[in-house]
Amino acid sequence: MSDTSLFIRKATGLVRSWSVFDAFIYAFFSINLITLGLYIFSQMYYLQGGLVPTLVISSLFILFEVIIYAAMIAVMPRSGGDYVWQSRVLGGGVGFVLAVTGWWFILWLWVPLYSDMLRHIVITPILGILGAQEAALWFGQTNIGLFVTALIMLVLVTIYIAAGMKWYARVQKFCFWGGMLGMLVVIVMLLTGSPEAFKAGLETNATALFGAQPGVYDATLAAGQAAGATLPLTGGAIGAIFLAMPFIVFFNLWPNWGATLYGEVRGATDFKRNFWGMAAALIGTVVVGIILLYAIAHTIGWNFYVNANGAYWNFAWGYTDQPAPLPVWPYPALLAVFLTTNRVIQLIVIVLMSLWWFGWSGTVFLSSTRVIFAAAFDRLLPEKVAEIEPRTRTPLYALVLMVVPSIIVSYLFAYNLFNFRSLTLDSTLVIAVTYLGTTIAAILLPYLKKDLYNASPIAKYKILGIPLITLAGVIFAAFLLFLLVEWIFDPFLNAPGLYGIGLQNKNSIYFMAGNYILALAIYLGFKYYRKRSGIDIEKVHKEIPVE
Amino acid sequence: MTTIFFATDVHGSDICWKKFINAGKFYEADVLILGGDMTGKAIVPIIDQGGGRYRAVLLEQEFLLDTEVETEEMVKRIKSRGYYPYRLAQDELAELNQSPDKVHDLFLQEALKTAEQWMAYAAEKLSGTGMRVYAAPGNDDQFELDAVIRKSDVVTLVEGQVIELDKDHEMISSGWSNHTPWHTYREETEDQLAARYEVMITQLKNPKNAIFNIHVPPYASNLDEAPELDENMRPKYAGNSLKPVGSTAVRAAIEKSQPLLGLHGHIHEGRGSSRIGRTLCINPGSMYEQGTLLGALVKLGREKIEHYVLTQG
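I will try to describe carefully the structure that is included in this document. Keep in mind the model is a prediction, meaning the values are calculated, not measured. Along each chain, numbering runs from 1 in the same order as the chain's sequence is written. Think of it this way: whatever chain is written first is A, whatever ligand is written first is 1, and the rest follow in order. Residue-level local features of this predicted model are given only where pLDDT is at least 70; pairs of side-chain atoms are given and counted only at 80 or more, and the full residue set underlies all totals for whole chains, interfaces and linings. With hydrogens and water set aside, each side-chain value is computed from the structure's full complement of heavy atoms.

Some remarks on the overall build of chain A
The helix and strand inventory of chain A stands at 23 helices and 3 strands. At 24 Å, chain A has a C-alpha radius of gyration in line with the 24 Å of a compact globule built from 547 residues. Projected onto its principal axes, the C-alpha coordinates of chain A cover approximately 85 × 55 × 50 Å. Looking at chain A as a whole, 62% of its 547 residues qualify as buried. Within chain A, contacts between residues separated by at least 24 positions form 80% of all contacts whose residues are at least 6 apart in sequence. Using a 1.4 Å probe, accessible areas were evaluated by the Shrake-Rupley method; residue-level cover was limited to the displayed protein chains. For chain A, the accessible area works out to roughly 18800 Å², and carbon and sulfur atoms hold 69% of it. When the 31 positive and 24 negative side-chain charges of chain A are each reduced to one mean point, those points stand 10 Å apart. Strands here are runs of E lasting at least two residues and helices are runs of H or I lasting at least four, both read from the DSSP assignment and numbered beginning at the N terminus. It is over C-alpha atoms that the radius of gyration is taken, and the globule rule equals 2.2 Å times the number of residues to the power 0.38. Only protein chains enter the accessibility calculation, which uses a 1.4 Å probe; a residue whose area is less than 20% of its type maximum is buried, one above 50% is exposed, and one in between is partly exposed. The contact definition used throughout considers only heavy atoms, calling two residues in contact when any of these lie within 4.5 Å. Charge counting treats Lys and Arg as positive and Asp and Glu as negative, with His and both chain ends excluded. Throughout, a charge is located at the NZ atom of Lys, the CZ atom of Arg, the CG atom of Asp or the CD atom of Glu.

Structural notes on unusual backbone geometry
Residue and element names in this part refer to chain B. The backbone phi angle of D9 is positive, close to 55°, even though this residue is not glycine. Inspection of the secondary structure puts D9 in the loop between β1 (3-7) and α1 (14-27). We note that D37 has phi near 55°; this positive angle belongs to a residue other than glycine. For D37, the position within the fold is in the loop between β2 (31-34) and β3 (42-50). Taking relative accessible area as the criterion, D37 reaches 0% and is therefore assigned buried.

Quick look at the packing of helix α7 (residues 133-141) of chain A against helix α10 (residues 195-210) of chain A
Residues and elements named next belong to chain A. The contact between α7 and α10 brings their axes to 8 Å, and the two run at 90°. With respect to each other, α7 and α10 are oriented roughly perpendicular. Here α7 contributes Q133, A136 and L137 to the contact with α10, which in turn contributes T207, A208, L209 and F210. Only Asp, Glu, Lys and Arg are considered charged, only Ala, Val, Leu, Ile, Met, Phe, Trp, Tyr, Cys and Pro nonpolar, and every remaining residue, Gly among them, polar. Of the residues in the contact of α7 with α10, the class split is 5 nonpolar, 2 polar and no charged. Every axis corresponds to a line fitted to the C-alpha atoms, with the helix fit spanning only the stretch in contact, and the corresponding angles, defined between N-to-C directions, vary from 0 to 180 degrees. Oblique is the label for any angle not covered by the other classes, which are roughly parallel (under 35 degrees), roughly antiparallel (over 145) and roughly perpendicular (65 to 115).

Quick notes on the interface of chain B and chain A
Of the residues lining the interface, 74 residues belong to chain B; the matching set on chain A comes to 70 residues. Each reported salt bridge corresponds to a side-chain nitrogen of Lys or Arg within 4 Å of a carboxyl oxygen of Asp or Glu. Where chain B packs against chain A, one counts 3 salt bridges. Taking the shortest distance from any N to any O, the salt bridge between A:R170 and B:E228 comes out at 2.9 Å. Ranked by residue count, the leading element in the side of chain B that touches chain A is α1(B), at 8 residues.

What to know about the side chain of B:T184
Residues and elements named next belong to chain B. Looking at where T184 falls in the secondary structure, it is placed in the loop between β10 (170-174) and α6 (190-201). Engagement of the side chain of T184 in a polar contact is seen with the side chain of N139, the distance being 2.9 Å. Think of a polar contact as two N or O atoms within 3.5 Å of one another; within protein, one of them needs to be a possible hydrogen donor and the other a possible acceptor, and neighboring residues in sequence only count if both atoms come from side chains. Side chain to side chain, T184 and E187 meet in a polar contact 2.5 Å long.

Here's the deal with the sheet that holds strand β14 (residues 261-263) of chain B
All names here are of chain B. One open sheet holds the 6 strands; their spatial order is β9-β10-β11-β14-β16-β15, and the pairing between them is mixed. Looking at which strands have only one partner, the edges of the open sheet turn out to be β9 (162-164) and β15 (272-276). The mean inter-strand angle of the sheet, taken between neighbouring strand axes irrespective of direction, is 20°. When DSSP finds at least two bridges between two strands, those strands are taken to pair. As paired strands, β14 and strand β16 (residues 279-283) are joined by 3 bridges and run parallel to one another. By the bridge assignment for β16, L261 is matched with L280. Taken strand by strand, α6 contacts β9, β10 and β11 (211-214), and its axis lies near 160° from that of β10. Against the sheet, helix α7 (residues 248-257) makes contact with β11, β15 and β16, and its axis sits at roughly 175° relative to β11, the strand it touches most.

Some thoughts on the nonpolar core
If you look at the biggest cluster of nonpolar residues, it comprises 266 residues, and the most contacted ones within it are A:F41, B:W17 and B:L261. With sequence-adjacent residues up to four places away left out, B:W17 is seen in contact with B:L34, B:M38, B:W118, B:M119, B:Y121, B:A122 and B:V155. Within the second largest apolar cluster, 18 residues are counted, among which are B:I172, B:L223, B:V250 and B:I276. Throughout, nonpolar core names a set of buried Ala, Val, Leu, Ile, Met, Phe, Trp, Tyr and Cys residues whose side chains join them through atoms within 4.5 Å.

Some details on the pairing of strand β6 (residues 84-88) of chain B
Residues and elements named next belong to chain B. Extensive coverage of β6 is indicated by the burial of 4 of its 5 residues. Where β3 meets β6, 5 bridges bridge the pair, whose relative direction is parallel. Of the residues in β6, the one forming a bridge with P45 is Y86.

A few points about helix α5 (residues 92-105) of chain A
Residues and elements named next belong to chain A. Counting buried positions over the 14 residues of α5 gives 12, a clear majority of the element. Among all positions in α5, only G92, G95, F96, V97, L98, A99, V100, T101, G102, W103, W104 and F105 are buried. Packing partners of the buried residues in α5 comprise α4 (82-90), α6 (107-129), α17 (366-377), α18 (396-414), α19 (426-448) and α22 (506-532).

Examining the sheet that holds β1(B)
All names here are of chain B. Within the open sheet, the 6 strands sit side by side as β8-β7-β2-β1-β17-β18. Their pairing is mixed. Of all the strands in the sheet, just β8 (155-157) and β18 (304-312) have a single pairing partner and so form its edges. With direction set aside, neighbouring strand axes in the sheet form an average angle of 20°. Pairing of strand β7 (residues 132-135) with β8 involves 3 bridges; the strand directions are parallel.

As for helix α1 (residues 20-30) of chain A
Counting buried positions over the 11 residues of α1(A) gives 9, a clear majority of the element. Buried within α1(A) we find A:D22, A:A23, A:F24, A:I25, A:Y26, A:A27, A:F28, A:F29 and A:S30.

Considering the pairing of β18(B)
Residue and element names in this part refer to chain B. Among the 9 residues that make up β18, 7 are buried, leaving the element largely enclosed by the rest of the structure. Looking at chain direction, strand β17 (residues 294-301) and β18 are connected through 8 bridges and run antiparallel. Residue G301 lies in a different strand from β18, and its bridge partner there is K304. Count of turn residues in the β17/β18 antiparallel hairpin: 2 residues, of which E303 carries a positive phi of about 65°.

See the structure below:
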């Protein structure tokens, strides 16, 4: 009933804290080693900073992001996340533009990226193992295969949204355990295998399943070298490691993805639970990632793995007319199961590993739905978009706003129109700008919203008299600004550049500028329209003065 | 036409109550409606350490208060968060720790004392302004609260009543809810709720132009999504799993009568608006612990809503 510091009575909503382990699972899936991680590692083949130190150092910076988000949740829990935090501290216009671009518009570009991973991690390997070689290669190699995969992905996401988070949260937990089992098997296979066995297995399986030519191992090495594959596993100059970070954050910048859902924070203990749910996921991912990378190096051979990636992307990005000798994306789990010729074992492992994709992909539009609804409640979008279709319990209009543009962007990406495939890192840049908005709000919070900050459980955390949230904010803001400068003012501005999305890529700049202009136009348009109807949008986020 | 400002679930937060009373002037509203759950959920003991010094623990932070100024500042902070500050000696604290009945009585005493202060504040700010204020205590509010509101000249208790807001619009109100896992004061079965609403609805001249000010939101309206709990009252799946917990009786009443507007609360994280047929249902949500007054500003038209917006004051 009570202790000496607080008496609580019976009242609605007084619940105990959620499990840190559950929070860990969702954050662990958000920085998804198998989907996001392996996908971006493979594209980094030409960089010179060691992958392991890049992973470790970037994650150290991202720990400050975790502090910021855990702190903002402690100050304003269950409030709607970035949109509300930024709106309250920086103003409604800034909050709207940064939230809709980072949590909605840019997700249109994530759809073909998720789809590219779906075909490489799930569809192509499974079809190949089942003996459907032609179908496997159609999905894995052709533009229409990618576009059809994007349509499949959108159907799946629509089902997820219609079924609701209550159902999907359960799916995610199942996928976590199944995916971890698959990962364990892959790591054990790689640690107990040998380079010789792998080479033999590759020759046997790649030719049988995917129609590779005999001698695929050596041909891959040669194609990779021709592509300029150099990425070291460890080492690299500190400058090269920092230059690799704008790539790797495509994968590990997201431990806070589901964080805005976290509930009531009653004290420092809950703040620490939020922090550890996300931080443990980040640290755990780094540890598992390093083990996997060393396991890859042990049996597949780091040199082969990097060259295979170089050979694959060099052709996929159109830098050579010569298709990669290995006709499919060099997916480490697929390469691991080449150590056996037992199709049942191969299938079981790949299916288990595919759970990493299924347990993660459902959240693609989760935040978009929330932002669309929040904007509609603030009357910055039509009321209709927040409607739930009664029969299917689906936000039909919000889905249209997410799915239709995604189909268009997926088409552009699949057929590489306007060089859309070069825009991969735009997906990260735009969200990083949104995070920068929240980070600036976090830095200023103790000074601009003193009462709010002082009434929160994080008010006691100070270092040398400076609020922890401000200090963490300054460090993380510096990191984000470094990333933004690198992305935009690419150190190798001569085409194609290091990241390919900077000032040298006009399509990238037009695409991103288009996102922000659209957001600003919606904000100003609705603000004007509502004013004419008698609603002062400016007042929505203003604090009522107490006389 | 009448403009109403609606807020709910302030749960003892001094700052939210004061913002609510000042909201009419700020948003240029004609009527203020409070949807229930006015009382706080916790008492923070401020323990006498002797020599004019006190000790308190707020949000797991310990504060040693050496001066009366510091102690008063702490009282203000506790009240802003919606908790009741209570100065006491070590002996009384030990006694309270041994006696749930005495803690219950203390909660009632502090809730009523705060309510009296709130009514006095409302009178000070709004007497003679013509601003009307309506309140219907919610399921978390003790029954004794009603008497305090009844005594107010400015705030009108509207539980179970039909109120004429203007010549076109009437309002029915109830703070009762369906059963919750916390067994609070004003809970009953869905059938009993339906009967409660029916008594009021039958008195309405024109239900289609009425406002249903009912604390609990309609079932499956998207305004009633709360974290699914396990048997230990712990949110499942880190709070990712939400489920509808609203009232089927409220939903049925709205579906049948199709009033102009439904004003709801109860589920703090259920902020939003949705339509059930032609009825616009609103739950502004609650962020009382942060001292933020979430609300809804609605301009009523004849047979329609002229416009509305959710606010974060």
